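# Coordinate inspection notes
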Amino acid sequence: MKRTIPGLATAVILAPLLIGCGSDTPTPAPTATPEAVAAAPVLTALKPVVEFRNKETEAGTMLEADEAVDVEPGANILTREGGRATLAWDGFLTHELLTDTDTLVSLSKPETRYAILDQATGTGRYTLLGAGEPATLTVKARWVTVDVTSGAADFIVSLVPGSEPSAWLAVLEGTAQVRRVDGADAADEAEVVTLTAGQAAGFGEAGALSTPRDIDAAVVKAWYDDAAEGEAETSIVGVAYRCEVTADDTPFLSEADAEAEAVGDPLSEGTIVEAIQRDDAAEWLRVRPIAQAETGWVSVENLDCSGPAGSVSLTAPGETGEPTATVLLPTRALPTRGTPTVALAGTTTPTPSPTPAAFTADFSAGDDEIDAGDCTTLRWTVRGVKAYYVNGEGKAGETGGTTVCPDETTTYTLRVVKQDGTEETRSVKVKVREKEATDTPAPTQAQATQAPATNTAVPAQPPTTVPPTTAPPTTEPPTTAPPTTEPPTTEPPTAPAPPAGVRR
């Protein structure tokens, strides 16, 4: 429904009169030009579950698929497990939120190409439009801040929990700067690193900022597409972690031990390797030189890597040979932020930190006793944790499940890292019963499948003796019934059928 501006209809009616009665060059009546107002960003839910809050501390509204709402500064968007959404400023910026992502809109001034977004968890992609046009885009990612000052730009920010949480940045197009935020007064003096297109780095909560390394942008894009569909087998660490060997003749060993045997020639300084696995103390990495198939262990002291060693997985690579990472996908289990909300007028309103969720760790099996060859479902619920692992594999979201089909009695474990850094373990044993060997089931099943052909003839002997020996088809049908007495009256077509024994 359109809104009518008061006085506009009167002006239109009087205009011809003024033209006819006035001077030769009538002056048109001035009309007020409305001030141009940049459109607010629009949030669209691509896949549920997507929760929208006008303010971070207010109750949320769950959006249906394809439902869209306007977003103002101070709004909070959370994509729960399986959820996916986009936040778009027309002609300026698009922010895509994958599952388990928490983003706060701290500032939104699209008319001046200025926005500040606070991503507390998960994985988000940012596409800044306007090639060559200046902009001010700031993405706060926990302990680091990403700054972009001009378009076009395309980059991914992914927060990866684990024993050593890290905030990862992969730049696909344009340039971005990363600085550590140790406090409100330290931002101007913080260390800064610059990433250009085709580079990535992960940054821990403490220590020097990591060295950006070149990555295969096509591989990272493919990983992102899989993650968007919930099909990624690793976190971004699995496709973006790279190291450079810092010394000549660096030992390339069979185990994470300085006394272990060499598995190949020593590595030369400057060799670029990808990380496959780490040891418990994150002092050794199992690596593969780029474009080589052979893997070996190298001391972290001889490597300059694009992220903390603790971000790499403890588990060995799978059969595909692809590196595995600490978690499958980022999780909202990291502590919630306490970032101030910035209004359009430029005033800062502190937002109180929400009360952390109470600790919960439940782990169970649908059936804890099954027959050999059968399967059961493991289910878990966790809250108030930094990270958690099912059988050593990091998981995302507060709830989940997986199907297991053990060949023998197996104990499965859930290990959680609580907010204070302490760990707890839950376990469930699935007992596997061996099937008893019997001769009857198989014949019975086979006989059941052949039942339509043999069981329709109820007597046991007619199918074996009567059809071959008695000769129903030779004597009765041709000599007696058809030619002589009752072709028209007694039913000749039905008389031959019973002796044939086929339909009985």
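Thresholds, definitions, all that
Residues numbered from 1 in each chain as written. Predicted model: local features only at pLDDT ≥ 70, side-chain atom pairs only at ≥ 80, totals over all residues. Heavy atoms only, no water. Helix = DSSP H or I, 4+ residues; strand = E, 2+ residues; numbered from the N terminus. Buried < 20%, exposed > 50% of the residue type's maximum accessible area, 1.4 Å probe, protein only. Contact = heavy atoms within 4.5 Å. Pairing = 2+ DSSP bridges. Disulfide = S-S within 2.5 Å. Salt bridge = Lys/Arg side-chain N within 4 Å of Asp/Glu carboxyl O. Core = buried A, V, L, I, M, F, W, Y, C linked by side-chain atoms within 4.5 Å. Axes fitted to C-alpha atoms, helices over the stretch in contact; angles between N-to-C directions. Phe/Tyr/Trp six-rings, centres within 6.5 Å; stacked < 30°, edge-to-face > 60°. Lys NZ or Arg CZ within 6 Å of the ring centre and 35° of its normal. Patch = residues over 30% accessible without salt bridge, like charges linked within 9 Å, V, L, I, M, F, W, Y side chains within 5 Å. Areas by Shrake-Rupley, 256 points an atom, 1.4 Å probe, with all protein chains shown as cover. Lys, Arg positive; Asp, Glu negative; His and termini not counted. Charge placed at Lys NZ, Arg CZ, Asp CG, Glu CD. pLDDT = per-residue confidence, 0-100. Polar contact = N/O pair within 3.5 Å; in protein donor to acceptor, adjacent residues only side chain to side chain.

### Concerning the overall build of the protein chain
Within the protein chain, the secondary structure is distributed over 8 helices and 33 strands. For the protein chain, buried positions account for 40% of its 504 residues. Restricting to contacts in the protein chain with at least 6 residues of sequence separation, those with at least 24 account for 55%.

### A word on the pairing of strand β7 (residues 93–97)
Within β7, 4 of the 5 residues are buried, leaving the element largely enclosed by the surrounding structure. Summarising the sheet, strand β6 (residues 84–89) and β7 pair through 5 bridges and their orientation is antiparallel. Directly across from Trp89, in β7, lies its bridge partner Leu93. With 5 bridges connecting them, β7 and strand β10 (residues 123–128) associate as antiparallel partners. Bridging across to β10, Leu93 finds its partner in Leu128.

### A word on the state of the cysteines
Applying the stated criterion across every chain, the model contains 2 disulfides. Covalent S-S linkage joins Cys243 and Cys305, the inter-sulfur distance amounting to 2.0 Å. An S-S torsion of about 105° defines the bridge between Cys243 and Cys305 as right-handed. With Cys243 in strand β19 (residues 242–245) and Cys305 in strand β23 (residues 303–305), this pair connects stretches of sequence that are 62 residues apart. A single burial state applies to Cys243 and to Cys305, both of which are buried. Residue Cys375 pairs covalently with Cys405 via a disulfide, S to S 1.8 Å.

### Comments concerning the pattern of salt bridges
If you walk through the whole model with that rule in mind, you get 19 salt bridges. For Glu274, the salt bridge identified is with Arg242, shortest N-O distance 3.9 Å. One end of the pair, Glu274, is in strand β20 (residues 272–278); the other, Arg242, is in strand β19, with 32 residues separating them in the sequence. In this structure, Glu274 and Arg242 share a single accessibility class: buried. Across the pair Arg433 and Asp371 runs a salt bridge whose closest N-O atoms are separated by 2.9 Å. With a gap of 62 residues between them, Arg433 in strand β33 (residues 423–433) and Asp371 in strand β27 (residues 369–371) connect regions that are remote in the sequence. Judged by relative accessible area, Asp371 falls into the partly exposed class, the value being 26%.

### Re the nonpolar core
Nonpolar side chains in soluble globular proteins tend to be buried together. In terms of nonpolar packing, the biggest core is built from 42 residues, with Leu43, Phe155, Leu169 and Phe203 touching the most fellow members. In contact with Leu43, not counting residues within four places along its chain, are Phe52, Leu63, Glu67, Ala68, Val69, Val71, Ile77, Ala85, Thr86 and Leu87. Residues Val220, Ala228, Ala282 and Val287 belong to the second largest nonpolar core, which totals 33 residues.

### Quick look at the sheet that holds strand β26 (residues 360–365)
Reading across the sheet, the 3 strands line up as β26-β28-β31 and stay open at both edges, with antiparallel pairing between neighbours. Both edges of this open sheet fall to β26 and β31 (399–404), since each of them pairs with a single strand only. The mean angle between the axes of side-by-side strands here comes to 15°, regardless of whether they run parallel or antiparallel. Pairing analysis gives 6 bridges linking strand β28 (residues 376–383) to β31, with the strands arranged antiparallel. Bridge pairing in β31 places Trp380 opposite Gly400.

### Quick look at the sheet that holds strand β21 (residues 284–289)
With respect to topology, 5 strands assemble into an open sheet ordered β22-β21-β20-β19-β23, the strand pairing being antiparallel. At either margin of the open sheet sits one strand with a lone partner, and together these are β22 (296–299) and β23. Each strand of the sheet is rotated relative to its neighbour by a mean of 50°, with strand direction disregarded. As defined by bridge partners, β21 adjoins β22 across 4 bridges and the pair is classed as antiparallel. Residue pairing for β22: Arg286 is matched across the bridge by Trp297.

### Here we look at the packing of aromatic side chains
By the definition in use, this model includes 3 aromatic pairs. With 6.2 Å between their ring centres and 75° between their planes, Trp89 and Phe92 make a pair best called edge-to-face. By the burial criterion, Trp89 is buried, and Phe92 matches it. In this structure, Arg125 packs its charged tip against the face of Tyr224, placed 5.2 Å from the ring centre. Across from the ring centre of Phe359, 4.6 Å away, lies the NZ or CZ of Lys418, which sits over that ring.

### Things to note about the environment of Gln292
Summarising the element assignment, Gln292 is placed in the loop between β21 and β22. With a relative accessible area of 46%, Gln292 lands in the partly exposed category. Each C-alpha atom of the pair Gln292 and Val273 lies 9.3 Å from the other, and the pair is 19 residues apart in sequence.

### A short note on the pairing of strand β8 (residues 101–109)
β8 sits mainly inside the fold: 8 of its 9 residues count as buried. As paired elements, strand β5 (residues 76–79) and β8 share 4 bridges and run antiparallel to each other. Looking at β8, one finds that Ile77 is bridged to Thr103. Where β8 lies against strand β9 (residues 114–121), 7 bridges are found, and the strand directions are antiparallel. Pairing of Val105 across the sheet is with Leu117, part of β9. Counting the residues that bridge the hairpin from β8 to β9 gives 4 residues, and of these Arg113 lies at a positive phi of roughly 55°.

### Some remarks on a negative patch on the surface
Taken together, the side chains of Asp225, Asp226, Glu231 and Glu233 make up a negatively charged region of the molecular surface. Mapped onto the elements, Asp226 comes out in helix α2 (residues 217–228).

### Observations regarding the confidence of the model for the protein chain
Per-residue pLDDT for the protein chain averages 77, and the proportion of residues at 70 or more is 69%. Scored below 50 in pLDDT, residues 442–504 makes 28 contacts in the model with residues more than four places away or belonging to other chains.

### Topic: the side chain of Thr123
Within the secondary structure, Thr123 sits in strand β10. One polar contact links Thr123 to Ser158, side chain to side chain, over a distance of 2.8 Å.

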